[in-house]
Structures are given as C-alpha cells and as structure tokens.
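Listed here are the chains, written in short residue letters.
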Amino acid sequence: MAKVAGRFARVEPRRRARAFVLGLLADLPRKNCWTIAEHAGDASPAGMQHLLSRASWDADRVRDDVRSFVVDHLRDENAVLVVDETGDLKKGATSVGVQRQYTGTAGRIENSQVAVYLVYAAKAGHAAIDRRLYIPRSWTQDPERCRAAGIPDTLKFATKPALATEMIAQALDAGVPARWVTGDEVYGGDPHLSAELERRQIGYVLAVSRKRPIATRAGILRASVLAHGLPKQAWQRLSAGAGAKGHRFYDWAQVDMASPPDRPGHRWLLVRRNRRSGELAFYRCYSPHPVPLSALVKVAGRRWTVEETFQAAKGLAGLDEHQVRRWISWHRWTTLAMLAYAFLAITAAIERARNTVATELSPLTCNEIQRLFAALFARPLRDLAHRLRWSAWRRRHQARARTSHYRRQAAQQP
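Conventions adopted
- Residues numbered from 1 in each chain as written.
- Predicted model: local features only at pLDDT ≥ 70, side-chain atom pairs only at ≥ 80, totals over all residues.
- Heavy atoms only, no water.
- Helix = DSSP H or I, 4+ residues; strand = E, 2+ residues; numbered from the N terminus.
- Axes fitted to C-alpha atoms, helices over the stretch in contact; angles between N-to-C directions.
- Parallel < 35°, antiparallel > 145°, perpendicular 65-115°, else oblique.
- Contact = heavy atoms within 4.5 Å.
- Buried < 20%, exposed > 50% of the residue type's maximum accessible area, 1.4 Å probe, protein only.
- Pairing = 2+ DSSP bridges.
- Salt bridge = Lys/Arg side-chain N within 4 Å of Asp/Glu carboxyl O.
- Core = buried A, V, L, I, M, F, W, Y, C linked by side-chain atoms within 4.5 Å.
- 1 Å grid on protein atoms, 1.4 Å probe; cavity = no way out; pocket = protein on both sides within 12 Å on 5 of 7 lines; lining within 4 Å.
- Points joined across faces, edges and corners; volume = space filled by probe spheres on them.
- Nonpolar A, V, L, I, M, F, W, Y, C, P; charged D, E, K, R; others polar.
- Expected span 1.5 Å × (residues − 1).
- Phe/Tyr/Trp six-rings, centres within 6.5 Å; stacked < 30°, edge-to-face > 60°.

So, the environment of Phe373
Now for step 1: Residue position: Phe373 is located in helix H14 (residues 366–376).
Now for step 2: Taking C-alpha positions, Phe373 is 41 Å from Arg200, a pair spaced 173 residues apart along the chain.

Right, dumping it as structure tokens:
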C-alpha cells in the first residue's frame, strides 16, 4: 500500500483504500462495499462507496503504480505481454458498458460487461498491469446514457483490439521490458495491432482462424490448407509449458510466410496439433530476428497465463464481484483488485525464488498465500455489538428497498 499511498491527497481515503484491499484479500463469501465495510469495522458502507465514487484520487495513476510494482519484481527482458478479454454477468441495463454480448465467462451471449486486460507474463510469474472497459456502440451512440453512467464525453467507440493496442503502446512507452505479445483470434485478426507491433520491433504470436489467408512463396492459401499439406517430418513434439498435470505436449509445425518488401522482419504460420484429437490451432508470428520453432511455441504457451490470472484474480481478489454502475467506480474497483492480486503473485514469486532447495512441500501458491494472509492478517476481531449493528443496517436497507420497489410498481400500473 505504500507503493500507491502518494496517489491519495488525504489520509482518510488512503487508510480506507488499505482497508478496502484488506477486504479484497479477506476470506469473505462475497466481496462488495457492504461486506468489505463490515469487515473493516465501519458502521455502514457509505465510506467505501465514497472511496469508489467521489473521493479524490486517480485510478489510472494507481494503475501506473501497479504496473511498476509488478515489473519491478517480475522483470524479464523476454517477458510476454498477453491480451485478452473477460466478461462479468450483469442484470439490468444501467451498469456502465452492459449489453447482451458474447462472453467467454458464460460461453454464450449474455447480459454482461466486457473488459480487455493486459497481463505481464514473465518467467517468475504473471499479473495484470492494465485494463480497459469495452463500451459498445449501443452506448457511444447514446450520449445521454453515457452521461448518466459517468462516461467521459471525449470517449469514442473502440474495438477490443484497439483497446489492446492502446494498452500495449502505453506499457512499452512506460519502459515495460517485453519481447513478445500474444493473444487469441480476436487480436490476431486485427491488422492495426500487428502493424503497430512491427513498427516497434516487438515480436508476436497471435492466434488466427483456420480460414485466414496466408501469403507464401507458393501463393495465398488458407491456414487449414497449408497445415494439411505439411509432410510428416515437419511436425515436432514440443511442450507449450507446464500445466496443473504436467507439461502440455502438442505437435507443432512452422511455415515461412512471404514478407512484403517494405516491411522487414521474419514471419511464420505456427500450427499446433492436439496429439489425441488431431484438432488444429493456428498462429500468425513475427520477429525482427530469426527464432527457432521452440521460441514461438514457448510464447504461444504463455497465452494461458491470462486465463490463470483471470481465475485467480476473480477467485482470490474479487475482480468480478463489483456491484458498481458508473465508469469511475468500475475503474477504481478493478484497479484495487489488480493491486490485491499483484501482491499475491509477487509474494508467490519471491517465495519460489527464496526456496530453491527441493523439499517435501510444494511451493506456496497464490491460493495458499491468500489463505494464510486472510487467517493471520486480514481477519480483525469484531464484537457482538458490531455484528448486530450490521444485521440491523442490512435489514433496514432491505426494507426500504422493498418499499421503494412496491411504490415504483404501483406507479407504473395504469
């Protein structure tokens, strides 16, 4: 918390932000302003709600501190920047950016918010260093709706790859050491993202569709056609990295792509084949210098770190449990949740670096560190009166909400 303390002009929001992060790291069944305020010993959630909505502090400045915090501890010149989006299921139509849209969280079209994240994946560990909330066209074409949710008037519609390009450029401009970028088909199909990375001489391994036209010396062919025409000796069995059940072995092949004369560098189509099902996956790759197949495979394998980050940040730090509706509140909650998870990821990396001698104990994970931290540091003792006051507060609030709901229903009836 000392890393971000200077971003709060007054001591009150600084202390409340610390209590908020402790609440995010606590072992609470649900994490929202009510439960975090009760955990912190507040008399009501008003203070936590004030921190997220009206207190004077800049979430983007805190985001910059989170980024430097992560890079300072996980620094790796060969690090990979991973971009991906995740969705939070929502009810109603007033939460900022919400609409019916596809989200991988549910695996289907649902009423949800979708945000794009940038994860720093290094050898020592990985954590999110930036975020952008995706605002659909249905919102940007409705200025009154945007204004009601607190969205800045200057915000224009941007695609998810455009948001990813903006985050990557901002990170590189800030001096974040990284050699590669990877992402799924949403980002692999965008020409502006790849062009920006090539301009900056940053390598990439971006997933593409099997129908993607690939320029080769023999002509332009679909990725799937190229893969089926590869000889048996073109495939190599390589690991994409260690998973929960050991190394993830696949068959891999590398096909040279034709490079435009005005765009130097080396380009390949990388093909992954599942050893059991035979299912194929395709990646468009670029590097300013020649690299072996094993290097591209290693980068492709790092893409899974973003899924691990989402799962851990949601399960351990409440990344997806926000019950906020406005633009500024979403960014503040998300930034503090990123800080909470960065603490866990960096602590795990430090512990692994310190304990290099093989023992009968497995290394400390983020889950175990959060469990120990919640038990030893983030569990304040509260007396019976505090619990009873909060019980009365919740019931009073619920009664008012129920009465208001019935009145609104009555007023809407003809």
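A short note on the packing of helix H11 (residues 293–302) against helix H12 (residues 304–317)
Helix packing geometry: the angle between the two helix axes and the distance between the axes.
Now for step 1: Where H11 meets H12, the axes come as close as 4 Å, and the angle between the chain directions of the two elements is 20°. Viewed along their axes, H11 and H12 adopt a mutual orientation that is roughly parallel. Each of Ala300, Gly301 and Arg302 in H11 lies in contact with H12, whose residues at this interface are Trp304, Thr305 and Val306.

Quick word on the pairing of strand E11 (residues 266–273)
Now for step 1: Among the eight residues in E11, six count as buried, and that is most of the element.
Now for step 2: Strand direction decides the pairing type here: E11 and strand E12 (residues 280–287), joined by eight bridges, are antiparallel. In the strand pairing of E12, His266 is matched with Ser287.
Now for step 3: With antiparallel pairing between neighbouring strands as the criterion, E11 and E12 make up a hairpin whose turn holds six residues, including Gly278 at a positive phi of roughly 80°.

Some thoughts on the pattern of salt bridges
Now for step 1: On inspection of all chains with the given rule, the structure shows 23 salt bridges.
Now for step 2: Between Arg132 and Glu166 there is a salt bridge, and its shortest N-O distance comes to 3.3 Å. Linking Arg132 in strand E4 (residues 126–133) with Glu166 in helix H7 (residues 160–173), this pair joins segments that are 34 residues apart in sequence.
Now for step 3: Taking the relative accessible area as the measure of exposure, Arg132 reaches 12% and is therefore buried.
Now for step 4: Assessed through its relative accessible area of 42%, Glu166 is described here as partly exposed.

Regarding the nonpolar core
Now for step 1: If you look at the biggest cluster of nonpolar residues, it comprises 114 residues, and the most contacted ones within it are Leu81, Tyr120, Trp252 and Leu270.
Now for step 2: Top contributing element to this core by residue count: helix H13 (residues 327–354), with 15 residues.
Now for step 3: Apart from residues no more than four positions distant in its own chain, Trp252 is found in contact with Ala234, Trp235, Gln236, Leu238, Ala240, Leu270, Val271, Arg272, Tyr283, Leu293, Val297 and Ala300.
Now for step 4: Residues Val208, Ala223, Val255 and Leu269 belong to the second largest nonpolar core, which totals 13 residues.

Description of empty space enclosed by the protein
Now for step 1: Counted under the stated rule, the structure contains two cavities of 30 Å³ or more.
Now for step 2: Quantified by volume, the largest cavity comes out at close to 40 Å³.
Now for step 3: As for the largest cavity, its lining consists of Tyr117, Ala128, Thr309, Phe310, Ala313, Leu319, Met338 and Tyr341.
Now for step 4: Among the elements of the structure, H12 and H13 are those that each provide at least two residues to the lining of the largest cavity.
Now for step 5: In terms of residues, the lining of the largest cavity owes the most to one element, H12, which gives three residues.
Now for step 6: Here the residues of the lining of the largest cavity sort into seven nonpolar, one polar and no charged.
Now for step 7: In this structure, the second largest cavity encloses a volume near 30 Å³.
Now for step 8: Forming the walls of the second largest cavity are Thr86, Asp88, Gln113, Val114, Ala115, Tyr117, Leu133 and Trp330.
Now for step 9: Listing elements by their share of the lining of the second largest cavity, those giving two or more residues are strand E1 (80–89) and strand E3 (108–121).
Now for step 10: Looking at which element gives the most residues to the lining of the second largest cavity, the answer is E3, with four residues.
Now for step 11: For the lining of the second largest cavity, the class distribution of residues is five nonpolar, two polar and one charged.

What about H7?
Now for step 1: Between its first and last C-alpha, H7 extends 20 Å over 14 residues, near the 20 Å set by a 1.5 Å rise per residue.
Now for step 2: The element H7 is extensively covered by neighbouring structure, given that 10 of its 14 residues are classed as buried.
Now for step 3: Every buried residue of H7 is accounted for by Lys160, Pro161, Leu163, Ala164, Thr165, Met167, Ile168, Ala169, Ala171 and Leu172.
Now for step 4: Positive phi shows up at Gly175, right after H7, with a value of about 90°.

Section: the packing of aromatic side chains
Now for step 1: Inspection of every chain in the model, using the stated rule, returns 10 aromatic pairs.
Now for step 2: Aromatic pair Phe20 and Trp333: ring centres 5.2 Å apart, planes at 90°, arrangement edge-to-face. With Phe20 in helix H1 (residues 11–25) and Trp333 in helix H13, this pair connects stretches of sequence that are 313 residues apart.
Now for step 3: A relative accessible area of 0% means that Phe20 is categorised as buried.
Now for step 4: Centroid distance Trp252 to Tyr283: 6.3 Å. Interplanar angle 35°. Geometry classified as tilted. Of this pair, Trp252 sits in strand E10 (residues 246–256) while Tyr283 sits in strand E12, and the two are 31 residues apart along the sequence.
Now for step 5: Note on Tyr283: relative accessible area 1%, which makes it buried.
Now for step 6: Linked through ring pairs, Tyr250, Trp252, Tyr283 and Trp304 together constitute an aromatic cluster.

In short, the description is geometric, and any link to function would need to be established separately.
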